[in-house]
Amino acid sequence: MSETNDAPRTDRDTTDDGGGLSRRSFLTGAGTAAALGISGLSAAREEGLTGLEVVSDPIGDYPYRDWEDFYREKWDWDSISRSTHSVNCTGSCSWDVYVKNGQVWREEQAADYPTFDEDLPDPNPRGCNKGACYSDYVNAEQRIKYPLKRTGARGEGKWKRITWDEALTEIAEHVVDEVEAGRYDCISGFTPIPAMSPVSFASGSRLVNLLGGVSHSFYDWYSDLPPGEPLTYGHQTDNAEAADWYNADYLIAWGSNVNVTRIPDAKYFLDAGYDGTKRVGIFTDYSQTAIHTDEWLSPKSGTDAALALGMAHTIVSEGRYDEAHLKEQSDMPLLVREDTGKYLRASDVGMGNDKTLLMCDQRGNVRVAPGSLGDRDGKYDADSSITLDFDPRLDAEFSVEGIPVTTVWNKLTDRLAEYTPEAVHEETRVGAETLQRIAREFADAEKAKIIHGKGVNDWYHNDLGNRAIQLLCTLTGNIGENGTGFDHYVGQEKIWTTHGWKSLSFPTGDVRGVPTTLWTYYHAGVLDNADPETVARVEEALEKDWMPMYPAERPDGTRPDPSTMFVWRGNYFNQSKGNVAVEETLWPKLDLVVDINFRMDSTALYSDIVLPAASHYEKYDLSMTDMHSYVHPFTPAIEPLGEAKTDWQIFRELAAKIQEVATERGVEPIDDREFDREIDLQSVHDDYVRDWISGEPGALAEDRAAVDFVLEHSEETNPEESENHVTVDDIVEQPQRFEAAGGHWTSDLEEGEAYAPWQDFVQDKEPWPTFSGRQQYYIDHDWFLDLGEELPTHKSPETMQDDYPLQYNTPHGRWSIHSTWRDHPQMLRLNRGEPVVYLNPSDAEERGIEDGDDVVLFNDLAEVEAVAKIYPASPEGSATMYHAWEMYQFPDHQNFNALVPMYMKPTQLIQYPADSGEHLSFSPNYWGPTGVNSDVRIDVRKKGGEGQ
């Protein structure tokens, strides 16, 4: 390539040959012209640029014009490396990184994903304009190049440069103090989604695990987790890769703005339309995806459950449901006691144990429902089956041994009777005829699919919204086959190479995992201001050990405060709901906050020590997403800038310093209070670099070895039954499709087919990992029964700011991935360059606000300054600020989350069944309370207006 590029350049002389202009003179003249406001050929004529003559035959006779070298050199490079971006965008796109003179020159979409199904659109290319400017971050002003120690107050921005040894020694001495004093569970490690860079995730998690510290959940904290999935399916989440959208005959994008938040995969949504698929958008605003749909429904904010239940009412009342699917695959035929509201257990009628559930056959006989918990061996039991050898009744209602019973189906139809088209129209503002027609079309389609997004998850009653929308797929049998299903996407939440990643991240196998929402709620003092019912339920969940809380309560009844926080690959402080409480109550409790980062973000700004991390183009790692079934790598295109190190290097060197300090002090191994192990600080580095599977000492000293470890020990890349093994060299050459789907996936990965979930249960008849062994819509836990949420229902949004007229939304935006790129000049140019609030014209006019005015957003919690943008696509009565603006980008150093209180729904704390939790019990990022962003009301006034 370089020979081709260099061939025309016969003369690189920078002097004027008398007939034209030298390159230096050209650039000087161009700069002068720009300063004078002269452009184009007029500027050329003014400066005498005779080299701009028209070329009549550019192929056969092209004159050499030396000033063009300036442009040619943009396409000249020394090397190309493969990399990607660790930003949790769901994309996981492979990029070629071009290097010249030791600097990243530019990046380009690699576009070499192998095609696995010729009937689907080409998977290439993948990428977006954000990824195309990541190279600007490598040498950006906000790049952290040296270890820094805070000298002023947190957030003040006063730092001094220190050496690596000084930084690691200070951190290590503090850690040794905490562990030696038995306060190891006061040490927290927060880092989000592993799939975007599993080795970097594992780097800190591995050390925290060896220290006996606490690993934080993230999927629930960000409100990315749809709690309706573990409730109904018994799984965290599973969904089809985006290519499967093309297989659907009917697509509903429900709260998932795919054209903004799924940019590399939006082509499948668009191409499906060209192939005849009907596309419906359900968004409160006229979103960038809504404009590409065939039909747009705009329910009022927070009424998604009502709309879904109204559609379900139409499907059921008109008999458009899949009866066979409901009988075999759902809990609809299960019997429920009318006196207690509980499932009729086999133990109630002398037919078995209290975890075996019952049905009624067509003759009126009570029969054991195959596959419920009491009828199988544990939560996951592939050897059992839900296949029916009798025909159960959906509508049974009778008494058995004096106990009045009915079916879940009868309970559901009674509930749906409340959601008539007229009532739903009144609640949602969607037309009664419209919602009925969309329901009929969805039910009648051969293959229908719902693409579900964070727009539903951000609400306090998100679980009710999830369950109601899922119900549409279950009623119509649109699940478990290609082109069907409830596909939920928020971030790269699901990692393919699970076993290798887990083994690398948590070598001891004993993990102190904590639900971050509950941990933050508790330690930020929010519980002190909560309503009495919430307080009582939180206390009950903690007392019964349904949810863990760290630091753990001590034998004397006291509970210490958290003391130490490590944050890497994430921006915890900026993304915190209840941001005011976090800053004012939680953060002062922390004696040491360490941020490992490549840029100065809000969390780094509020930390005590900031360590410079390698950028995405300066390290080895992996990248994957459930949006596609490929794996590809990060590779170091260049050396880390300044004194930056990779995450793996940083935590490995910290482990070495901890071991050194502990050895000098003679710190003896400490018994772990919770697990049968000792915390040995004198061997923590040796343990860090040891391969715990093979036992080989020092095997994992380098990043590249850690990458190899993940690939080698994962079913997806090294399946037992296959000789194929995906290696680092393979994925550097070209992205590789995974060889298999491991046990945490619910379908096999088939050659020539897009991945689609739930086939293990729908096609192979394995029991769903729920109490009932089926898709379960009836939850008979006492709390659900008390609150009337045993079945999907609609409840109005919860809010403590009822006096404020505007609904405040903070959705994902087009110009950043979370806070990454929020401070990038090119992205800022596309978005007014500062925090912006979008207002409906009528709301703005009512307040005397014009486009571009400085305004103040306010409620009981805070006041935040921004610039107003008049936006007719926003619904009336709303104020939208696309999220993740950094605190230092606001004039008053506030935060977009300062207006957001911290809500936590108590039903997401339960263990179910209460005695065992075999269906629902805390597991990081599977089941736990979600953060809430949308149940917030505010008002907006013009800055300098009334009250100022």
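Just above, that's the structure.
Owing to the predicted nature of the structure, the values given are computational and were not obtained by experimental measurement.

S.K.: Is there a simple way to think about a negative patch on the surface in this case?
M.R.: On the surface, a cluster of negative charge is contributed by Asp748, Glu750, Glu753 and Asp764. Structurally, Asp764 can be placed in the loop between helix H28 (759–762) and helix H29 (782–787).

S.K.: Is there a simple way to think about the packing of aromatic side chains in this case?
M.R.: Taken as a whole and assessed by the stated rule, the structure comprises 43 aromatic pairs. Plain terms: the ring middles of Phe190 and Tyr572 are 5.2 Å apart, the flat faces sit at 65° to each other, and that makes the pair edge-to-face. One end of the pair, Phe190, is in strand S6 (residues 187–190); the other, Tyr572, is in helix H21 (residues 572–575), and 382 residues separate them in sequence. When the ring of Trp815 is compared with that of Tyr882, the centres are 6.0 Å apart and the planes differ by 80°; the resulting orientation is edge-to-face.

S.K.: I'm lost on helix H6 (residues 164–180) in this one. Help?
M.R.: Residues separated by three or four positions in an α-helix point in the same direction, a consequence of the helix having 3.6 residues per turn. Helix length check: H6 (17 residues) gives 24 Å between terminal C-alpha atoms against 24 Å at 1.5 Å per residue, within 8%. By the burial criterion, the buried members of H6 are Trp164, Ala167, Leu168, Ile171, Ala172, His174, Val175, Val176, Glu178 and Val179. Downstream of H6 by one or two residues, Gly182 has phi in the positive range, about 80°.

S.K.: Whenever I open this one, the side chain of Thr520 confuses me. Can you help?
M.R.: Position of Thr520 among the secondary structure elements: in helix H19 (residues 516–523). The exposure class assigned to Thr520 is buried, which follows from its relative accessible area of 0%.

S.K.: I would appreciate a short explanation of helix H11 (residues 304–317) in the present structure.
M.R.: The end-to-end C-alpha distance of H11, which contains 14 residues, comes to 20 Å, matching closely the 20 Å that a straight helix rising 1.5 Å per residue would cover. Where burial is concerned, most of H11 is hidden: 13 out of the 14 residues are buried. Phi turns positive, to about 65°, at Gly319, one or two residues after H11.

S.K.: In this structure, what is going on with the pairing of strand S32 (residues 937–942)? I would like to understand it.
M.R.: Every other side chain in a regular strand lies on the same face of the sheet, so the side chains alternate between the two faces. By the bridge criterion, two bridges tie strand S27 (residues 806–809) to S32 in an arrangement that is antiparallel. Counterpart to Leu806 in the pairing with S32 is Ile938. One ladder, built from four bridges, connects strand S29 (residues 854–858) with S32; its direction is antiparallel. Each residue of the ladder has a partner; that of Val855, found in S32, is Lys942.

S.K.: In this structure, what is going on with a nonpolar patch on the surface? I would like to understand it.
M.R.: On the surface, a cluster of nonpolar side chains totalling about 280 Å² of accessible area is made up of Tyr286, Ile291 and Trp296. Looking at the element boundaries, Ile291 is found in the loop between strand S9 (278–282) and strand S10 (295–297). Residue classification places Ile291 among the partly exposed positions, given a relative accessible area of 45%.

S.K.: Looking at this structure, I do not really get the pairing of S9. What am I missing?
M.R.: Taken across its five residues, S9 has five buried, putting it largely inside the fold. Neither face of S9 is left uncovered, since the one carrying Lys278, Val280 and Ile282 and the one carrying Arg279 and Gly281 both have all their residues buried. Sheet topology places strand S8 (residues 250–254) next to S9; five bridges connect them, and they run parallel. For Trp254, the partnering residue across the bridge sits in S9 and is Ile282. Judged from the three bridges that link them, S9 and S10 form a sheet pairing that is parallel. For Val280, the partnering residue across the bridge sits in S10 and is Glu295.

S.K.: What exactly am I supposed to notice about the pattern of salt bridges here?
M.R.: Pairs may arise between side chains of opposite charge once their charged atoms sit close together. Applying the stated rule across the entire model yields 71 salt bridges. In this structure, the salt-bridge partner of Asp608 is Arg150, at a minimum N-O distance of 2.6 Å. Taken together, the residues Asp608 in the loop between helix H23 (602–605) and strand S21 (609–612) and Arg150 in strand S4 (residues 148–150) connect sequence positions 458 residues apart. For Asp608, a relative accessible area of 6% corresponds to the buried category. Residue Lys449 pairs with Asp244 through a salt bridge whose shortest N-O separation is 2.9 Å. Within this pair, whereas Lys449 is found in strand S16 (residues 448–452), its partner Asp244 is found in the loop between helix H8 (228–233) and S8, the two being separated by 205 residues in sequence. Look at Lys449 and you get buried, because its relative accessible area is 0%. Among the ionic contacts, a cluster of salt bridges with common partners joins Arg65, Glu68, Asp69 and Arg72.

S.K.: Help me understand the side chain of Asn579 in this model?
M.R.: Mapped onto the fold, Asn579 is located in helix H22 (residues 579–586). The class for Asn579 is buried, based on a relative accessible area of 1%. Within the structure, the side chain of Asn579 is placed 2.9 Å from the backbone oxygen of Phe573, a separation counted as a polar contact. When residues no more than four places from it in sequence are discounted, the contact partners of Asn579 are Phe573, Met887, Asn895, Asn897, Ala898 and Val900.

S.K.: For this particular structure, what's the right way to read the environment of Asp860?
M.R.: Following the sequence through the fold, Asp860 ends up in the loop between S29 and strand S30 (863–870). In this structure the C-alpha to C-alpha distance between Asp860 and Leu839, which are 21 residues apart in sequence, comes to 20 Å. Setting aside chain neighbours within four positions, we find Asp860 in contact with Met800, Gln801 and Tyr804. At 2.8 Å, the side chain of Asp860 and the side chain of Tyr804 are in polar contact.

S.K.: Would you take a moment to explain the environment of Phe269 for this structure?
M.R.: Mapped onto the fold, Phe269 is located in helix H10 (residues 266–274). Exposure remark for Phe269: the relative accessible area of 0% places this residue in the buried category. Separated by 235 residues in sequence, Phe269 and Leu504 place their C-alpha atoms 36 Å apart. Once residues within four sequence positions are removed from consideration, Phe269 is found in contact with Trp245, Leu251, Ala253, Val258, Arg279, Thr289, Thr293 and Ile451.

S.K.: Can you walk me through the nonpolar core in this structure?
M.R.: As a rule of thumb, soluble globular proteins bury nonpolar side chains together. If you look at the biggest cluster of nonpolar residues, it comprises 171 residues, and the most contacted ones within it are Ile252, Trp254, Phe566, Tyr572 and Ile658. Not counting residues up to four positions away in its chain, the partners in contact with Phe566 are Ile171, Val175, Ile187, Ser188, Gly189, Phe190, Val594, Ile596, Phe651 and Leu654. Counting residues in hydrophobic clusters, the runner-up holds 24 residues, among them Leu828, Ala862, Ala879 and Met881.

S.K.: It is not clear to me how unusual backbone geometry should be interpreted in this structure. Could you clarify?
M.R.: Peptide bonds are trans in most cases, and residues, glycine excluded, mostly fall at negative phi. Residues Asn124 and Pro125 are joined by a peptide bond in cis, for which omega reads -10°. Summarising the element assignment, Pro125 is placed in the loop between strand S3 (103–109) and helix H5 (135–138). At the junction of Tyr550 and Pro551, the peptide bond is cis and its omega measures out at -5° in the coordinates. Topologically, Pro551 is positioned in the loop between helix H20 (532–543) and strand S19 (564–568). Its identity as a non-glycine residue notwithstanding, Glu401 has a phi of 50°, on the positive side. Locating Glu401 in the fold gives a position in the loop between strand S14 (397–400) and strand S15 (403–407). For Ala884, which is not a glycine, the phi torsion comes out positive at approximately 85°. Position of Ala884 relative to the elements: it lies in the loop between strand S31 (878–880) and S32. Residue class for Ala884 comes out buried when judged on its relative accessible area of 0%.

Cut-offs and rules
- Residues numbered from 1 in each chain as written.
- Predicted model: local features only at pLDDT ≥ 70, side-chain atom pairs only at ≥ 80, totals over all residues.
- Heavy atoms only, no water.
- Patch = residues over 30% accessible without salt bridge, like charges linked within 9 Å, V, L, I, M, F, W, Y side chains within 5 Å.
- Areas by Shrake-Rupley, 256 points an atom, 1.4 Å probe, with all protein chains shown as cover.
- Salt bridge = Lys/Arg side-chain N within 4 Å of Asp/Glu carboxyl O.
- Lys, Arg positive; Asp, Glu negative; His and termini not counted.
- Charge placed at Lys NZ, Arg CZ, Asp CG, Glu CD.
- Helix = DSSP H or I, 4+ residues; strand = E, 2+ residues; numbered from the N terminus.
- Phe/Tyr/Trp six-rings, centres within 6.5 Å; stacked < 30°, edge-to-face > 60°.
- Expected span 1.5 Å × (residues − 1).
- Buried < 20%, exposed > 50% of the residue type's maximum accessible area, 1.4 Å probe, protein only.
- Pairing = 2+ DSSP bridges.
- Polar contact = N/O pair within 3.5 Å; in protein donor to acceptor, adjacent residues only side chain to side chain.
- Contact = heavy atoms within 4.5 Å.
- Core = buried A, V, L, I, M, F, W, Y, C linked by side-chain atoms within 4.5 Å.

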